[in-house]
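What follows is the residue order along each chain.
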Amino acid sequence: MDELVIAFIKAFLVFNVAQGLASYCVWVERKGSALIQDRIGANRAGAYFYSQNPILNFLLFPVRLLGVLGVINTLVCDAVKALLKEDFVPEGTSNFMHSLAPFLAVFPVFVAFAMTPIAPDFSITLFGHEYLIRPQVASLDSGILVIFAMAGISVYGVVLAGWCSNNKFSMLGSLRASAQMISYELALGLAIAAMIIYYSTVDIYEMVIGQQHLIAGVLPAWGIFVQPLAFILFFAAGMAETKRTPFDLPESESELVAGYFTEYSGMKFLLFWLGEFAEIALFALIMALLFFGGWDIPGVALPKVWWGALIGHAVLMTKVILLCTLQIVIRWTLPRFRFDQLMNLGWKILLPASLANLALVAWLKLAL
Amino acid sequence: MNFAFSILAILLVATALGVVTSRNLVHSALCLILNLFLVAGTFALLDAHFLAAAQVIVYAGAIMVLVLFVIMLLGLRPSPLRPSLVTIVSSVVVGLLFLNEVAPLLLRVFQGVDVVGLGGEGTVRAVGQLLYTKYVFTFEAASLVIMTGIVGAVVLAKRKAGSALSSEASNGTS
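Read on for a plain summary of the structure. Here the residue numbering is sequential within each chain, running from 1 through the sequence in written order. Think of it this way: whatever chain is written first is A, whatever ligand is written first is 1, and the rest follow in order. The model is predicted, so local features are restricted to residues of pLDDT at least 70 and side-chain atom pairs to those at 80 or more, both for listing and for counting; the totals for chains, interfaces and linings are taken over all residues. Note: side-chain values were computed over all heavy atoms of the structure, leaving out hydrogens and water.

**Some remarks on the overall build of chain A**
When helices and strands are counted, chain A shows 13 helices and four strands. Computation of the radius of gyration draws on C-alpha atoms, with the globule rule given as 2.2 Å multiplied by the number of residues to the power 0.38. Taken over C-alpha atoms, the radius of gyration comes to 22 Å for chain A, in line with the 21 Å a tight globule of 368 residues would show. Reported as C-alpha extents along the three principal axes, the dimensions of chain A are approximately 60 × 60 × 45 Å. The buried share of chain A, taken over its 368 residues, is 53%. Every residue pair with non-hydrogen atoms within 4.5 Å of one another is taken to be in contact. Long-range contacts, defined as pairs at least 24 residues apart, comprise 76% of the intrachain contacts of chain A with a sequence gap of at least 6. A total accessible area of about 16900 Å² is found for chain A, and carbon and sulfur atoms account for 72% of it. Counting rule for charge: Lys and Arg are taken as positive, Asp and Glu as negative, and neither His nor the chain ends is counted. Here the site of a charge means NZ on Lys, CZ on Arg, CG on Asp, or CD on Glu. Chain A carries 21 positive and 24 negative side-chain charges, and their two centres are separated by 8 Å. Counting from the N terminus, the helices are the DSSP runs of H or I reaching at least four residues and the strands are the DSSP runs of E reaching at least two. Only protein chains enter the area calculation, which uses a 1.4 Å probe; residues under 20% of their type maximum are buried, those over 50% are exposed, and those in between are partly exposed. Note on areas: Shrake-Rupley with a 1.4 Å probe; residue coverage comes only from the protein chains shown.

**Overview of the interface of chain A and chain B**
With 27 residues of chain A at the interface, the matching set in chain B holds 24 residues. Here chain A meets chain B over a buried area of about 2000 Å², counting both sides, of which 78% is carbon and sulfur. In short, buried area is how much 1.4 Å probe accessible area vanishes from two parts on joining, totalled over both. On the chain A side of the interface with chain B, the three residues burying the most area are Asp-141, Tyr-156 and Trp-163 of chain A, jointly 28% of the side's total. A carboxyl oxygen of Asp or Glu within 4 Å of a side-chain nitrogen of Lys or Arg is what we treat as a salt bridge. For the pair chain A and chain B, the number of links is zero salt bridges.

**Observations concerning the pairing of strand E2 (residues 129–133) of chain A**
All names here are of chain A. Sheet topology note: the strand E1 (residues 122–126)/E2 ladder contains five bridges and is antiparallel. Across the sheet, the residue bridging to Ser-123 is Leu-132, located in E2. Between E1 and E2, which follow one another and run antiparallel, lie two residues, and Phe-127 among them has a positive phi close to 50°. Each pair of strands is called paired provided DSSP finds at least two bridges between the two strands.

**Observations regarding the packing of aromatic side chains**
Residue and element names in this part refer to chain A. In this analysis, rings of Phe, Tyr and Trp, with Trp reduced to its six-membered ring, are considered paired at centre separations within 6.5 Å, and the interplanar angle assigns stacked below 30 degrees, edge-to-face beyond 60, and tilted for intermediate values. Tallying each qualifying case throughout the model produces 18 aromatic pairs over all chains. Judged by centre distance (5.0 Å) and plane angle (50°), the ring pair of Phe-15 and Phe-110 falls under tilted. Separated by 95 residues along the polypeptide, Phe-15 in helix H1 (residues 2–36) and Phe-110 in helix H5 (residues 95–113) bring together distant segments of the chain. Among the residues examined, Phe-110 registers a relative accessible area of 15% and is labelled buried. A ring pair is formed by Trp-222 and Phe-292, whose centres lie 6.3 Å apart and whose planes are at 70°; its orientation type is edge-to-face.

**A look at unusual backbone geometry**
Outside of glycine, negative phi angles account for most residues, and trans bonds account for most peptide bonds. Positive phi values are uncommon outside glycine, yet Asp-38 of chain A reaches one of about 65°. The residue Asp-38 of chain A is located in the loop between H1 and helix H2 (54–59) in this model. Backbone geometry places Asp-47 of chain B, a non-glycine residue, at a positive phi of 65°. Along the chain, Asp-47 of chain B turns up in the loop between helix H2 (25–45) and helix H3 (49–74).

**Structural notes on the packing of H2 of chain B against H3 of chain B**
Residue and element names in this part refer to chain B. Axis lines are fitted through C-alpha atoms, for helices just across the contact stretch, and the angle between N-to-C directions can take any value from 0 to 180 degrees. The contact between H2 and H3 brings their axes to 8 Å, and the two run at 175°. In terms of orientation, H2 and H3 fall into the roughly antiparallel class. Of the residues in H3, those touching H2 at Leu-25, Val-26, Ala-29, Leu-32, Ile-33, Leu-36, Phe-37, Val-39, Ala-40, Phe-43 and Ala-44 are His-49, Leu-51, Ala-52, Gln-55, Val-56, Tyr-59, Ala-60, Met-64, Leu-68, Ile-71 and Met-72. Three classes are used, and their members are as follows: Ala, Val, Leu, Ile, Met, Phe, Trp, Tyr, Cys and Pro are nonpolar, Asp, Glu, Lys and Arg are charged, and the others, Gly among them, are polar. Partitioning the contact of H2 with H3 into residue classes produces 20 nonpolar, two polar and no charged. Angular relationships are summarised with four words: roughly parallel below 35 degrees, roughly antiparallel beyond 145, roughly perpendicular across 65 to 115, and oblique for the angles in between.

**Things to note about the pattern of salt bridges**
All names here are of chain A. Taken as a whole and assessed by the stated rule, the structure comprises seven salt bridges over all chains. Arg-338 is the salt-bridge partner of Asp-340, the closest N and O atoms lying 2.8 Å from each other. Residues joined by salt bridges that share partners form a network here, namely Arg-30, Asp-78 and Lys-81.

This is the structure in structure tokens:
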């Protein structure tokens with residue numbers, strides 16, 4: 001009974017973290033893209049709340065500030081608009097499958113969030129009982145392999161979305177997307193396999209613990225310092241997996257209308273959008289856990305109490321937010337690849353590089 | 001444990017029936033994907049965690065994508081409403097043969113079974129140790145077979161030098 005309550009609380013918190021990160025990514029996408037493109041972006045909704053009452057006016061100041069920053073426009077107005085829009089299903093396709101496609105696009109991402117720890121272990125004493133809590137919803141034995149499984153399942157949402165739209169452009173977009181996703185899953189998997197070999201474990205929590213010491217007294221043993229090539233490969237393959245520019249041909253707005261989610265409007269489109277940004281947050285989280293030491297502040301050992309876990313969580317979220325912002329800034333900076341360049345990169349450059357990295361890590365692990 | 005297994009078993013049978021009886025081919029494929037997911041769940045229930053993850057990664061995540069592509073791109077027609085006599089007779093014969101194989105297992109199930117895990121032998125570490133010590137030759141031979149398949153697929157799909165398609169491709173792209 002206790003474990004059920006703890007599991008429920010953990011699931012609720014991790015889901016909120018995932019939603020919060022996805023919302024943050026949506027906001028940075030809107031406002032950050034505006035600033036990069038030398039325009040102002042959304043700053044009207046909620047910026048003009050005024051009240052005659054001076055106390056209420058003072059309390060409305062943060063609302064006005066959020067409005068000017070575009071947060072109210074992105075998180076409130078867009079959500080309400082999507083919820084209230086007419087939901088249509090194109091003619092000639094199955095109603096059930098059209099509604100199933102956004103579900104299949106979003107579900108793997110949130111399940112993968114269940115496998116990732118968001119804070120270090122801590123022990124807490126409640127009602128006389130001492131609980132040792134690991135903030136990871138499901139510490140399965142197969143650890144990071146489940147993340148691969150979910151990356152494989154996310155192809156289905158795309159394929160089904162293109163098929164159920166009864167639209168040649170959508171089908172083209174989904175074919176491109178699924179070919180791209182399948183190709184880059186290989187490089188992704190092999191980059192992670194190198195990390196698995198280096199840390200000798202599949203469990204993500206153990207991988208984070210394995211980074212919390214200093215090499216030669218000065219450099220933290222983070223994954224990026226120990227395995228820079230694996231980080232580069234994982235970053236590139238992750239951006240291709242989430243179909244972000246420069247790998248963004250599937251949703252290429254100037255070529256295919258909107259790619260595989262052309263015929264989706266309202267809440268279904270928002271689900272696709274949310275799934276994509278949650279996937280960006282997921283990859284940022286995995287990168288922060290595997291390559292940047294997770295919740296580790298170099299040289300500081302956090303105590304295993306609840307506020308130590310909170311500090312660790314804050315450090316982890318800082319790293320994740322920085323990595324999310326990096327991915328979004330890259331989107332608005334680089335032009336997109338042509339499809340044959342994309343496939344070339346995936347099969348002829350990233351795959352041999354990740355294989356070479358794997359062989360190198362295995363040899364070093366045995367030799368040293 | 002038995003309760004979880006009974007739910008999984010009911011859903012497994014229901015999705016398998018969905019694969020065979022649905023009119024729309026894409027619905028069949030989706031039911032099969034769900035079926036493979038549930039099989040992975042059964043593996044996890046038996047403590048074979050690595051096998052569960054591998055089932056989803058390989059079967060439900062890669063092979064079924066291929067099957068879905070074939071269904072979507074080849075535009076296969078669903079079967080006609082009234083099956084012919086040959087279809088009925090052959091399906092009855094095959095069904096009886098299958099029942100002949102499965103009947104002893106069914107009788108054994110009705111005598112009462114319990115779901116019991118592998119006890120630590122299905123974890124990633126245990127499978128890895130077995131795979132690289134006792135079955136290493138089989139493992140390497142299997143990887144060679146897969147490599148042959150990949151190379152064969154590339155050779156079959158490669159455009160021959162000098163054909164019309166390849167010259168158009170090399171002129172069109174840089």
